[in-house]
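Chain residues, written in single-letter form:
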Amino acid sequence: MRLFAAVLPPEEAVAELADEVRTLHALPTAGELRWTGHESWHFTLAFYGEVPEDVVPELRERLARAAHRHGPYELRLAGGGRFGDRALWAGADGDREAMRHLAGTASAAGRRAGVRFDDHRHFTPHLTIARNRRDADLRPYVAELAEFVGSPWTVRELCLVRSHPPVPGAAGQQPRYETVGAWPLGE
């Protein structure tokens, strides 16, 4: 199974961001981007990749313990950025330090469960909203997102999400995500 640990924003936060993203579609090169669907919006804390089925129970147990060690924290969708000209994302504001610690614990849970993955990247809280299909300049999109500030919400759970890749060769399809585990923070 292709798995990752994530924080899923509530519907209200998704709706606010969706309104903002609709304004981005008016920019001149918007048609050159592959926009992600609202139902797929999430903050990846640790990407585990392909995980053997026999490792999943241990991973679930360790993620449950990780969630127990972290209390709920405040967050809001705010601003945006880009990874080069490959991906456009919405950012997070609020207790980013709590999110960084939760991401570190989720990564450690994966390693201790026996998942082999590369987690040596610097954690940047982000929610991918578009990927570049050609050579569109993403700077105007980042500039438009700079003033976006969503309403605050409380992160209350850590989720384990399964990624179902799109059918090879099917144009325009996106991966489908399925939450296969969720644990309340601090409980």
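With that settled, the discussion passes to the packing of aromatic side chains. Under the counting rule described, the total for this entry stands at 4 aromatic pairs. On the basis of an interplanar angle of 85° and a centroid distance of 5.5 Å, the ring pair of phenylalanine 4 and tyrosine 177 is categorised as edge-to-face. On the criterion of sequence distance, the pair formed by phenylalanine 4 in strand E1 (residues 2–7) and tyrosine 177 in strand E9 (residues 176–184) is long-range, its members being 173 residues apart. Using a relative accessible area of 2% as the deciding quantity, one classes phenylalanine 4 as buried.

Before going further, it helps to examine the environment of valine 21. Assignment of secondary structure puts valine 21 in helix H1 (residues 11–24). Separated by 17 residues in sequence, valine 21 and histidine 38 place their C-alpha atoms 10.0 Å apart. Every residue in contact with valine 21, bar those within four places of it in the chain, is listed here: Trp35, Trp41 and Ile129.

Turning our eyes to something else, we now look at the sheet that holds strand E6 (residues 127–132). Here 5 strands make up an open sheet; going across it, the order is E2-E6-E5-E4-E7 and the pairing antiparallel. Looking at strand neighbours, the two that pair on one side only are strand E2 (33–35) and strand E7 (153–155), the edges of this open sheet. Going from strand to strand, the sheet's axes swing by 40° on average, the running direction of each strand aside. The sheet contact formed by strand E5 (residues 87–94) and E6 spans 4 bridges and is antiparallel. Bridge pairing in E6 places tryptophan 89 opposite threonine 128. Helix-sheet contacts for H1 involve E2, strand E4 (73–83), E5, E6 and E7, and the interaxial angle to E6 is about 25°. Against the sheet, helix H3 (residues 96–113) engages E4 and E5, with an angle of about 80° to E4.

Conventions used here
- Residues numbered from 1 in each chain as written.
- Predicted model: local features only at pLDDT ≥ 70, side-chain atom pairs only at ≥ 80, totals over all residues.
- Heavy atoms only, no water.
- Phe/Tyr/Trp six-rings, centres within 6.5 Å; stacked < 30°, edge-to-face > 60°.
- Helix = DSSP H or I, 4+ residues; strand = E, 2+ residues; numbered from the N terminus.
- Buried < 20%, exposed > 50% of the residue type's maximum accessible area, 1.4 Å probe, protein only.
- Contact = heavy atoms within 4.5 Å.
- Pairing = 2+ DSSP bridges.
- Axes fitted to C-alpha atoms, helices over the stretch in contact; angles between N-to-C directions.

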